[in-house]
Amino acid sequence: MDINSVSNKIQVNPLYSLFSQMFSLYGQDSSADTSTDSIVASIGLMGAAQALTAYENYLAYQSSWLNGAYFEAGAFLGSAIVDGFIVAYLFLLAGAVNGADTGN
């Protein structure tokens, strides 16, 4: 992951911090296992970046649809849907990793 591109996305889109906060909720337990916390943090960063990509693809879909480029709009919508499923999977994965650490 390129640090410069991530920092540019943070400055451009305020929703990035919202997505990263959503994923960081899983890492807020009081366990002493730092390896699990680092795995959850990595999954959270991937999920936040993927959520931002899904949002950008949805905005591109709307723009293409309004401009009459229906084939491109369908491609962007399909990509946004796939990205949304990836975000949901990463969200569940972060919960499973954190639940396995706490014994839940």
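Residue positions are given per chain, counting from 1 as you read along its sequence in written order. In keeping with the predicted nature of the model, local features appear solely for residues at pLDDT of at least 70, side-chain atom pairs appear and are counted solely at 80 or more, and the whole-chain, interface and lining totals rest on all residues. To obtain the side-chain values, all non-hydrogen atoms of the structure were included, while hydrogens and water were left out.

### A few points about the overall build of the protein chain
The numbering of helices and of strands both runs from the N terminus, where a helix is a DSSP run of H or I of at least 4 residues and a strand a run of E of at least 2. Scanning the protein chain from terminus to terminus reveals four helices and zero strands. Reading the helices (α) and strands (β) of the protein chain from amino to carboxyl end gives α-α-α-α. Three labels apply to residues, based on accessible area from a 1.4 Å probe with only protein chains included: buried if under 20% of the type maximum, exposed if over 50%, partly exposed otherwise in between. Put simply, the protein chain has 104 residues, and 26% of those count as buried. Contacts: residue pairs with any heavy atoms within 4.5 Å of one another. Across the protein chain, every contact between residues at least 6 apart in sequence was considered, and the portion connecting residues at least 24 apart equals 70%.

### Side note on the side chain of Ser-64
Of note, Ser-64 is situated in helix 3 (residues 34-66). The class for Ser-64 is buried, based on a relative accessible area of 8%.

### Section: the packing of aromatic side chains
How two aromatic rings sit relative to each other is given by the distance of their centres and the angle of their planes. A pair of Phe, Tyr and Trp rings is counted when the ring centres sit within 6.5 Å of each other, with Trp represented by its six-membered ring. The angle between the planes then sorts it: under 30 degrees is stacked, over 60 is edge-to-face, the rest tilted. What the rule picks out here adds up to three aromatic pairs. Seen from their ring centres, Tyr-61 and Trp-65 are 6.3 Å apart, and the 45 degrees between their planes marks the pair as tilted. Of the two residues, Tyr-61 and Trp-65 both sit in helix 3, four residues apart, roughly one turn of that helix.

### Quick word on the environment of Phe-76
Relative to the helices and strands, Phe-76 resides in helix 4 (residues 70-102). Accessibility expressed as a relative area gives 30% for Phe-76, which makes it partly exposed. In sequence terms Phe-76 and Ser-63 are 13 residues apart; their C-alpha atoms lie 9.9 Å from each other. Not counting residues up to four positions away in its chain, the partners in contact with Phe-76 are Asn-57, Ala-60, Tyr-61 and Ser-64.

### Some words on the environment of Tyr-55
Within the secondary structure, Tyr-55 sits in helix 3. In this structure the C-alpha to C-alpha distance between Tyr-55 and Ile-81, which are 26 residues apart in sequence, comes to 9.8 Å.

### Some remarks on the side chain of Asp-83
Inspection of the secondary structure assignment puts Asp-83 in helix 4. Taking relative accessible area as the criterion, Asp-83 reaches 8% and is therefore assigned buried. We call two N or O atoms a polar contact when they sit within 3.5 Å, provided that within protein one can donate a hydrogen and the other can accept it, with sequence-adjacent residues counted only if both atoms are side-chain atoms. At 2.8 Å, the side chain of Asp-83 forms a polar contact with the side chain of Asn-57. With residues up to four places along the chain from it excluded, the contact list for Asp-83 reads Gln-50, Thr-53, Ala-54 and Asn-57.

### Comments concerning the environment of Gln-50
Summarising the element assignment, Gln-50 is placed in helix 3. Taking the C-alpha atoms as reference points, Gln-50 and Leu-90, 40 residues apart in sequence, are found 9.2 Å from one another. Other than its neighbours up to four places away in sequence, Gln-50 contacts Asp-83, Ile-86 and Val-87.

On their own, these measurements won't tell you what the molecule is for.
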